[in-house]
Amino acid sequence: MYCLKLTVQPTAAMTFRILPGSILNIATYPFVPPTTFSGFLRRLVMMSIGLELPGTCVNDENPPTYALPPHYLALGAYPTIRTWSGVHRTYRKGMREFNHDSFSRLYQEDKGANFQLHTWEYLIADELEGYVITDHPEGLELFQSLECFGCKCGKEGFAVVTGVSKVIALERQRVAAHPSTLIPMEDLLQGSQFAGGCDIYSLYRYQWADTPQIGSDHAGFLDSNPTIVDGFVPFVAAYFPKSSKQSVELDYYTDGEIYLPVSLVNLLRGEVCV
């Protein structure tokens, strides 16, 4: 296996909304989920070759999905241990109805009728490390051009890629180490070695369509075509912040510094955890 490590710098606070959730209480993941990171990188690839950035408006009848093709798996992006990060919770006064037009008026005739008080969480991080993994190194060089490109990332926030590593060769090993990414809960529970110090989150992965992208090896990557997916599948994962320094014995793809759980790669591919 081969991977790239991408250094990502947020330009401000970000929100990666946890779903399902409350309408009034908007909680965030303390990391960039794999699906969000995949969509972020796909848009940067499109920008880097001069394609127009796809819109973010939701089409209720047929919402398009823009993500990396399944042979390039984005594993998410996570705060680095050498920088500060945290989740800030605050309040936001917002609209009760989307079609109202009185929010910015100087004189409010209907005081409070169109407003509601949201509880909102923001991830504040100086730097993130993200990972893309693949079976073959061919094509990973295309990500090198993403340095200094940035765009919207998540429900709220923007980020810029400030560094892309060289292609890193990984070997599969079973070792006790601090995971660099999320771990599917099944992998922890099957081994009867549930480790403390982790947070547990519900997330989603792509349900890859049986029909492949038509065209070259870079179809659905170096073009403006939406990604062919059949929807999303929920899963539960454990997250060990780098500050916890907790070691977990698992099968990893590793180079001795990066530890990517084999079960997460299998899960995101749509395979059974082994």
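It should be emphasised that the depicted structure is a prediction, and the values quoted were computed from it without experimental measurement. (Residues numbered from 1 in each chain as written. Predicted model: local features only at pLDDT ≥ 70, side-chain atom pairs only at ≥ 80, totals over all residues. Heavy atoms only, no water.)

Caption draft 1: Up close: the packing of aromatic side chains. Following the criterion strictly, the structure yields 14 aromatic pairs and no others. A ring pair is formed by F37 and F40, whose centres lie 6.3 Å apart and whose planes are at 20°; its orientation type is stacked. Within this pair, F37 and its partner F40 are both found in helix α1 (residues 34-48), separated by 3 residues, close to a single helical turn. Judged by its relative accessible area of 1%, F37 falls in the buried class. On the numbers, 5.1 Å between centres and 45° between planes, the contact of Y72 with F221 is tilted. Of the two residues, Y72 is situated in the loop between α1 and β3 (73-79) and F221 in the loop between β12 (199-208) and β13 (229-239); the sequence distance between them amounts to 149 residues. (Phe/Tyr/Trp six-rings, centres within 6.5 Å; stacked < 30°, edge-to-face > 60°. Helix = DSSP H or I, 4+ residues; strand = E, 2+ residues; numbered from the N terminus. Buried < 20%, exposed > 50% of the residue type's maximum accessible area, 1.4 Å probe, protein only.)

Caption draft 2: Broad picture of the sheet that holds β12. Read from one edge of the open sheet, 3 strands run β11-β13-β12, paired in antiparallel fashion. Both edges of this open sheet fall to β11 (183-184) and β12, since each of them pairs with a single strand only. Strands in contact with helix α3 (residues 262-269) are β11, β12 and β13; relative to β12, the strand with the most contacts, it is inclined by about 40°. (Pairing = 2+ DSSP bridges. Contact = heavy atoms within 4.5 Å. Axes fitted to C-alpha atoms, helices over the stretch in contact; angles between N-to-C directions.)

Caption draft 3: Representation of the nonpolar core. Core analysis: the largest hydrophobic core is formed by 53 residues, its most contacted members being F37, F40, L41, L75, I133, F143 and L260. Apart from the residues lying within four places of it in its own chain, the contact partners of F143 are L4, L68, Y72, V132, V164 and F221. (Core = buried A, V, L, I, M, F, W, Y, C linked by side-chain atoms within 4.5 Å.)

Spatial relationships are all this shows, so hold off on functional conclusions.
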